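Chain residues, written in single-letter form:
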Amino acid sequence: MRGEVVVRVGAKVLAPFIITFGLCVHFHGDYSPGGGFQAGVILAAAIALLALVYGLEAVQKVVTPRFVRACAALGVIIFAGVGVVTMVLGHNYLGYDALAEGHAGQHYGILGVELGVLVTVFGVMVTVFYLFAGRRGRTQ
Amino acid sequence: MSAHLPILQVVVPLLAAPFCLFLKRGRMAWGLAVFASWAALAIALALLGQVTQEGVLSYAIGDWVPPIGIEYRVDIVNAWVLVIVSGIGAVVAPYSMASIEREVEAGRIPLFYAAYLLCLSGLLGITITGDMFNVFVFLEISSLSAYALIALGQARRALTSAFRYLIMGSVGATFIVIGIGLLYVMTGSLNMADLAQLLPEVWDSRTVKVAYGFLAVGFCLKLALFPLHLWLPNAYTYAPSAVTAFMASTATKVAVYMLLRFFLTVFGAPFSFDVMALDRVLLPLALVAIASMSLVAIFQVNVKRLLAYSSVAQIGYMILGLSFATVTGLTATLLHLFNHALMKGALFMAMGCVMYRIGSVHINAVAGLGRRMPWTMAAFVAGGLSLVGVPLTVGFVSKWYLILGALERGWWWAAILVLLTSLLALVYIWRVVEVAYFRDFPGDEATREAPWTLLGPTWALVALNLYFGIDAGRTVGIARQAAEVLMAGIGP
């Protein structure tokens, strides 16, 4: 597909919007349908689209396999870390009220935990995509 | 700090797992895994101490009061299982360094420790939580990491056996979540203590009985009760040695705990035994498992496979104790959870030492090792004697209470079966011992005893086998107390 100008330009134009939409889904996750899992998949879809159009090697130069693997681990640390922070602040594990006065603490807590989900889901989705896309068939 | 122990029990290994991925060197990941495993054991022992003194502990996650939020609830039953799981983890973690470096390629070692810690935290999570859906979540965490651990085995067949386990395990987990869903539909609650209050009102409904059936099949798949054990022998045979030692001593035990917790606490012992006739359903399966799997074990030529079939038979003993439907029978079950973990852990770890030096666990590979690797084979003999149930070992204590339970019910034939199948265990253990001690060593003169990093943990378990075989008062006391809690609502 590297010769197709429309596809190349289209992908280039779409990718930033897909990423923005993913973040939008994430930051509205506490109120409305959405959240870290969906947002992570949408972000990974942007990477997959670019890889399909520009080739795996080109995309892996920017989003390296090592980076996405680190993302997968980092997300778990963020999620569990939010719980540890609330515990250090004197509440129970994942007791979001510790993070701010009143209602706001719940928002921060959920967004923090969902950020962990987003990072892990993004990392795992892209890793799975890389592994399957990177397989070479027997005929080649 | 001590108020947070229930959650730390799960969070410490869970948080250590992703850090393992950031550590480049296998040894550093190993150090972190050992630290997390030992911390988990320390927490479990502290929890057991707290529970025996203060009674049931409850921890509300996110400050949401149960039954609305997720509750971690520790009583004597799961404090006991937590000690078993984290104790085995604390012994296997140091053992795994040398064993895994030999059996897993260097680049994957940090991944191994990450998966191992996830598996540990999943098993601890299943045990500690008081929320049914949380059980399912942790079940998936422990199962998925277990599939990955088994697939790390050297032989290509490790992949197919892990895949087979994945299929069977997923079917089991799906059955469990369907059962949980049906219960939620009927009661609107996921909290176990709350359900125990709500369920008696809807005992008559068909939905609850169907849920019971789904849960029963799911648990029996997970704990590998005959005839749902088919995933187990291959998975144990082809997994890396340290993984086999860990899984054989923990995963099926936690599945037995899940069964006890759901059927005796959530549904209640009266419902299980009087309405659903759980004892009469499980009794024949347990008897067939004990007899047939002990026989099958005799004809195995791969020692790990032999021990795997023996594990299925031993699970039969645990279920047999449950199917007596008495406190003594259940005491035997809970004792055997602990004792079997000790003996099978020691046996599989001894075979890991053989694998380390000889590179095979075929029965011919142990020929002459009685003199070449005296400490390894002595550990195997000690573990084997415990498996047979010789006095002064933990195996004897389990069998004693099992036979006591059988005689209490007047089922002398069950007592005779336990004795006869112990002889079968003697036969299959003796086959290995005979080859090891009465045949000449065919291999290289340079073959030496396994390193102390492997022997130390193995002998630690052997020592516990002997210690708790001689001084059984404490373990029997806790097991009986736990059995009384589970059998609440039914006569002694």
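Here's what I pulled together on the structure shown here. Predicted model, so just to flag it, every value in this text is computed and none were measured. Each chain has its residues counted from 1, following the order in which its sequence is written. Chains carry letters from A onward and ligands carry numbers from 1 onward, assigned in written order. Owing to the predicted nature of the model, reporting of local features is limited to residues with pLDDT of at least 70; listing and counting of side-chain atom pairs is limited to 80 or more, with chain, interface and lining totals taken over all residues. With hydrogens and water set aside, each side-chain value is computed from the structure's full complement of heavy atoms.

## Digging into unusual backbone geometry
All names here are of chain B.
No. 1: Following Pro-66, the chain continues to Pro-67 via a peptide bond in cis, the omega torsion being 10°.
No. 2: Inspection of the secondary structure assignment puts Pro-67 in the loop between β1 (57-60) and β2 (71-74).
No. 3: Omega for the bond connecting Phe-226 with Pro-227 falls within 30 degrees of zero, at 0°, which places this linkage in the cis form.
No. 4: By the criteria applied, helices consist of DSSP H or I runs no shorter than four residues and strands consist of E runs no shorter than two, each listed in order from the N terminus. Tracing the sequence through the fold places Pro-227 in the loop between α8 (206-222) and α9 (232-238).
No. 5: Positive phi values are uncommon outside glycine, yet Ala-224 reaches one of about 60°.
No. 6: Along the chain, Ala-224 falls in the loop between α8 and α9.

## Considering the packing of aromatic side chains
All names here are of chain B.
No. 1: Centres within 6.5 Å make a pair out of two Phe, Tyr or Trp rings, where for Trp the six-membered ring is used; the pair is then stacked when the planes are under 30 degrees apart, edge-to-face when over 60, and tilted otherwise. The full count for this structure, using the stated rule, is 25 aromatic pairs over all chains.
No. 2: A centroid spacing of 5.1 Å and a plane angle of 65° characterise the contact between Tyr-116 and Phe-246, whose relative ring orientation is edge-to-face. Placement of Tyr-116 in helix α4 (residues 109-128) and of Phe-246 in helix α10 (residues 241-266) is noted, with a sequence separation of 130 residues between them.
No. 3: When a residue's accessible area, from a 1.4 Å probe over protein chains only, is under 20% of the maximum for its type it is buried; when over 50% it is exposed; and in between it is partly exposed. For Phe-246, a relative accessible area of 1% gives the class buried.
No. 4: Between Tyr-212 and Phe-267, the aromatic rings sit 4.7 Å apart at their centres with planes inclined by 75°, giving edge-to-face as the arrangement. Of this pair, Tyr-212 sits in helix α8 while Phe-267 sits in the loop between α10 and α11 (269-275), and the two are 55 residues apart along the sequence.
No. 5: According to the relative accessible area criterion, Tyr-212 is buried, its value standing at 3%.
No. 6: We classify Phe-267 as buried; its relative accessible area is 2%.
No. 7: Any Lys NZ or Arg CZ found within 6 Å of a ring centre and within 35 degrees of that ring's normal is scored as a charge over the ring. The residue whose ring lies beneath Arg-102 is Tyr-356, and the NZ or CZ to ring-centre distance is 4.0 Å.

## Some details on helix α3 (residues 76-103) of chain B
Residues and elements named next belong to chain B.
No. 1: Helices are assigned an expected span. That span is 1.5 Å times one less than the residue count. The end-to-end C-alpha distance of α3 is 38 Å, a good match for the 40 Å that 28 residues give at a rise of 1.5 Å each.
No. 2: The largest bend in α3 amounts to roughly 50° and is located at Ser-96.
No. 3: Buried residues dominate α3, accounting for 26 of its 28 residues. The bend at a residue is defined as the angle formed between two axes, one fitted to the seven residues ending at that residue and one fitted to the seven starting there.

## Some points on helix α1 (residues 5-27) of chain A
Residues and elements named next belong to chain A.
No. 1: Under the 1.5 Å per step criterion, the end-to-end length of α1 is 34 Å for 23 residues, consistent within 8% with the ideal 33 Å.
No. 2: Where α1 bends most, the angle comes to about 30°, and this point is Leu-14, followed within four residues by the proline Pro-16.
No. 3: Residues of α1 that are buried: Ala-11, Ala-15, Gly-22, Val-25 and His-26.
No. 4: Contacts were defined at the residue level, with two residues in contact if any of their heavy atoms lie within 4.5 Å. Of the surrounding elements, those touching the buried residues of α1 are α2 (36-54) and α5 (104-133).

## A word on the interface of chain B and chain A
No. 1: Counting from both sides, the interface comprises 18 residues of chain B and, opposite them, 17 residues of chain A.
No. 2: Take the accessible area each of two parts loses on contact, using a 1.4 Å probe, and add the two losses: that sum is the buried area. When chain B packs against chain A, close to 1400 Å² is buried across both sides, 72% of that on carbon and sulfur atoms.
No. 3: Considering only the surface of chain B that becomes buried against chain A, Leu15(B), Phe22(B) and Asp63(B) emerge as the three largest contributors, covering 30% of it.
No. 4: Each reported salt bridge corresponds to a side-chain nitrogen of Lys or Arg within 4 Å of a carboxyl oxygen of Asp or Glu. The interface formed by chain B and chain A includes zero salt bridges.
No. 5: Polar contacts, as counted here, are pairs of nitrogen or oxygen atoms within 3.5 Å of one another; within protein the pair requires one atom able to donate a hydrogen and one able to accept it, and residues that are adjacent in sequence qualify only if both atoms are side-chain atoms. The interface formed by chain B and chain A includes five residue pairs in polar contact (both at pLDDT 80 or more).
No. 6: Taken together, the elements giving at least two residues each to the side of chain B that touches chain A come down to α1 (5-22) and β1 of chain B.
No. 7: A per-element tally of the side of chain B that touches chain A places α1(B) first, with nine residues.
No. 8: Split by residue class, the side of chain B that touches chain A holds 14 nonpolar, two polar and two charged. When residue character is reported, Ala, Val, Leu, Ile, Met, Phe, Trp, Tyr, Cys and Pro are called nonpolar, Asp, Glu, Lys and Arg charged, and the others, Gly included, polar.

## Observations regarding the nonpolar core
No. 1: Residues grouped as a nonpolar core are buried Ala, Val, Leu, Ile, Met, Phe, Trp, Tyr and Cys residues, joined through side-chain atoms within 4.5 Å. Within the largest apolar cluster, 209 residues are counted, with the highest numbers of intra-cluster contacts made by Phe263(B) and Phe380(B).
No. 2: The element contributing the most residues to this core is helix α14 (residues 327-358) of chain B, with 20 residues.
No. 3: Counting 17 residues, the second largest nonpolar core, distinct from the first, contains Val25(A), Leu43(A), Ala51(A) and Val63(A).

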